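Listed below are the residues making up each chain.
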Amino acid sequence: MAAVSDRLPAFPWDKLEPYKATAAAHADGIVDLSVGTPVDPVPQLIQRALVEAADSPGYPTVWGTPALRDAITGWVRGRLGASAAGHRNVLPVVGSKELVAWLPTQLGLGAGDKVAYPRLAYPTYEVGARLCGAEAVVYDDPTELDPAAVKLLWLNSPSNPTGKVLPKEDLIRIVAWAREHGVLVFSDECYLELGWEAEPVSVLHDDVCGGSYEGLVAVHSLSKRSNLAGYRAAFVAGDADVLGELLEIRKHGGMMPPAPVQAATVAALGDDHHVEEQRARYAARRAALRAALEAHGFRVEHSEASLYLWVTRDEPCWDTVAHLAELGILVAPGDFYGEAGARFVRVAFTATDERVEAAVKRLG
């Protein structure tokens, strides 16, 4: 066991505990903007679907019910613009983090293989590479990589942590390069429905992939759009051969989304109203926090999408974390996401309206 855990970096969030204690000591309590955890209620129609499917004594299927596959394919066609998607092009998973962490292992990667991801990125991309013994490599532009040993290329648009959105033209160029060199692309698009100053585009959009999903898989989650982080509801869509292989592996591994969660996912994907309501909540919180941070002397970079503001005072990120902790506000240091983030912090706007208002007052 120790040999496997020794491959992994130290769990970064443990380093934040002293600053969390400082923020928690504030007279009006902590405003925790460090983790993008949904705080608003799960929509009632989703809760009802979960409850109505609660009497599920049998094993669920790894591939999901036909109703779930219908819901996913319908959403992929309508929302992502992937007009040719069918059941063989979709696969539900038990939360997107599990998929990211174990994907390189399930793809059979190991020593001598490379897993590439953005220079500023979600730490679990690196964890997935380390778990299987592959080499983790970072990029600014993936087409500048030596493709020889790159077996898995992660895209992330909108980006966590920066909120940067890859334009359609860049996606077209990257997909063409990856196909030319036989590089498998997984595109993490979990924040796609949270574009503010740019319209995120999926790698599966007809205009990007030409109607073919060869070598392409998109990763999506209901955690953010539908407040379902606690449900572990996510799915992948794209290349049927890749997903077919993953399906067989996951059958043997028993990686089955619970039946009530499958039913809840059907309800969530079939309703746009709750998504629009949640977007409106986040938009208001984002606007309030952005104005307060800028007035306090911060500069916002990128942040055109996602649930975060990527901000700096042109000082070491831990100095910023300490400064804000004294105000009772906890944020994530940018170096959690790579050395290039050493002078930034990530500010989530997933707190309640009351806590966001408290943060705004303290920044003022």
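Predicted model, so just to flag it, every value in this text is computed and none were measured.

Trainee: What should I look at first to understand the overall build of the chain in this one?
Mentor: Scanning the chain from N- to C-terminus turns up 13 helices and 13 strands. Its C-alpha atoms give the chain a radius of gyration of 20 Å, within 12% of the compact-globule value 21 Å for 364 residues. Seen along its three principal axes, the alpha-carbon backbone of the chain occupies a region of about 55 × 50 × 45 Å. Looking at the chain as a whole, 55% of its 364 residues qualify as buried. Considering only contacts within the chain whose residues lie at least 6 apart along the sequence, 75% involve residues at least 24 apart. Taking the average location of the 34 positive side-chain charges in the chain and that of its 48 negative ones, the two points are 2 Å from each other.

Trainee: Looking at this structure, how should I read the pattern of salt bridges?
Mentor: Oppositely charged side chains may form a pair once their charged atoms are brought near each other. By the definition in use, this model includes 23 salt bridges. A salt bridge links Lys251 to Glu248; the nearest nitrogen and oxygen atoms lie 3.4 Å apart. Placement of both Lys251 and Glu248 in helix H9 (residues 240–253) is noted, with a separation of three residues, approximately one turn of the helix. For Glu315, the salt bridge goes to Arg313, with nearest N and O atoms at 3.1 Å. The partly exposed category is assigned to Arg313, whose relative accessible area is 28%.

Trainee: Please explain the nonpolar core as it appears in this structure.
Mentor: A general trend in soluble globular proteins is that nonpolar side chains are found buried together. Among the nonpolar cores identified, the biggest contains 67 residues, and Leu33, Trp154 and Phe186 are the most heavily contacted of them. Counting residues per element, this core draws most heavily on helix H12 (residues 317–326), which supplies five residues. If we skip the residues at most four places from it in the chain, Trp154 touches Leu99, Val100, Leu103, Val115, Ala116, Tyr117, Pro118, Tyr125, Tyr139, Phe186, Asp188 and Val219. Formed by 45 residues, the second largest nonpolar core is a distinct cluster that contains Val150, Leu155, Ala218 and Ala264.

Trainee: Would you mind going over the sheet that holds strand E7 (residues 216–221) with me for this structure?
Mentor: Strand pairing in a sheet takes place through backbone hydrogen bonds and is either antiparallel or parallel in direction. The seven strands are arranged E2-E8-E7-E6-E5-E3-E4 in an open sheet whose pairing can be described as mixed. Here the strands that pair on one side only, and so sit at the sheet edges, are strand E2 (90–93) and strand E4 (135–139). This sheet shows a mean twist of 20° between the axes of neighbouring strands, independent of strand direction. Direction of pairing for E2 relative to strand E8 (residues 234–238): antiparallel, over a ladder of four bridges. Counted as the bridge partner of Leu91 is Val236 from E8. Seen against the sheet, helix H4 (residues 66–80) touches E2, E7 and E8 and runs at an angle of roughly 110° to E2.

Trainee: What is the right way to look at the packing of aromatic side chains in this model?
Mentor: To describe a pair of aromatic rings, you give the distance between the ring centres and the angle between the ring planes. For the structure shown, the criterion picks out 14 aromatic pairs. Consider the rings of Tyr191 and Tyr308, whose centres lie 5.6 Å apart with planes at 65°: the pair is edge-to-face. With Tyr191 in the loop between strand E6 (184–188) and helix H8 (206–209) and Tyr308 in strand E10 (residues 308–312), the pair connects residues that are 117 residues apart, well separated along the chain. Taken as a pair, Tyr191 and Tyr308 share a single burial class, namely buried. Put simply, the rings of Trp13, Tyr19, Trp310, Trp318, Phe336, Tyr337 and Phe344 pair up and form one aromatic cluster.

Trainee: Would you mind showing me how to read the packing of helix H5 (residues 96–106) against H9 here?
Mentor: Two quantities define a packed helix pair, namely the angle between the axes and the distance from one axis to the other. H9 packs onto H5 with a crossing angle of 100° between their chain directions and a minimal axis gap of 12 Å. Between H5 and H9, the angle falls in the class roughly perpendicular. Here H5 contributes Glu98, Leu99, Leu103 and Gln106 to the contact with H9, which in turn contributes Leu246, Ile249 and Arg250. Taken together, the residues of the contact of H5 with H9 sort by class into four nonpolar, one polar and two charged.

Trainee: Explain helix H7 (residues 168–181) here, please?
Mentor: Since there are 3.6 residues in each turn of an α-helix, residues three or four apart along the chain are aligned in direction. With 14 residues, H7 ought to run about 20 Å at 1.5 Å a step, and its terminal C-alpha atoms sit 20 Å apart, in line with that. Within H7, burial applies to Leu171, Ile174, Val175, Trp177 and Ala178. Down the axis, H7 shows its buried residues gathered within 165° of arc, on one side only. Exposed residues on H7 whose side chains face more than 90 degrees from its buried face are Glu169 and Glu180. Contacts from the buried residues of H7 go to strand E5 (150–156), E6, H8 and E7. One or two steps after H7, the chain reaches Gly182, where phi turns positive at roughly 65°.

Trainee: What's the story with the side chain of Arg286 in this structure? I'm lost.
Mentor: By secondary structure assignment, the location of Arg286 is in helix H11 (residues 273–295). Side-chain polar atoms of Arg286 contact the side chain of Glu197, separated by 2.9 Å. Filtering out sequence-adjacent residues up to four positions away, Arg286 remains in contact with Trp196, Glu197, Ser303, Glu304, Leu309 and Phe349.

Trainee: How should the sheet that holds strand E13 (residues 345–348) be read in this particular structure?
Mentor: Read across the open sheet, the four strands follow the order E9-E10-E13-E12; overall the sheet is antiparallel. Strands with a single pairing partner mark the edges of an open sheet, and in this sheet they are strand E9 (299–301) and strand E12 (332–333). Packed on one face of the sheet, H11 meets E9, E10 and E13 and runs near 5° to E10.

Thresholds applied
Residues numbered from 1 in each chain as written. Predicted model: local features only at pLDDT ≥ 70, side-chain atom pairs only at ≥ 80, totals over all residues. Heavy atoms only, no water. Helix = DSSP H or I, 4+ residues; strand = E, 2+ residues; numbered from the N terminus. Rg over C-alpha atoms; globule rule 2.2 N^0.38 Å. Buried < 20%, exposed > 50% of the residue type's maximum accessible area, 1.4 Å probe, protein only. Contact = heavy atoms within 4.5 Å. Lys, Arg positive; Asp, Glu negative; His and termini not counted. Charge placed at Lys NZ, Arg CZ, Asp CG, Glu CD. Salt bridge = Lys/Arg side-chain N within 4 Å of Asp/Glu carboxyl O. Core = buried A, V, L, I, M, F, W, Y, C linked by side-chain atoms within 4.5 Å. Pairing = 2+ DSSP bridges. Axes fitted to C-alpha atoms, helices over the stretch in contact; angles between N-to-C directions. Phe/Tyr/Trp six-rings, centres within 6.5 Å; stacked < 30°, edge-to-face > 60°. Parallel < 35°, antiparallel > 145°, perpendicular 65-115°, else oblique. Nonpolar A, V, L, I, M, F, W, Y, C, P; charged D, E, K, R; others polar. Expected span 1.5 Å × (residues − 1). Arc of directions from axis to C-beta. Polar contact = N/O pair within 3.5 Å; in protein donor to acceptor, adjacent residues only side chain to side chain.

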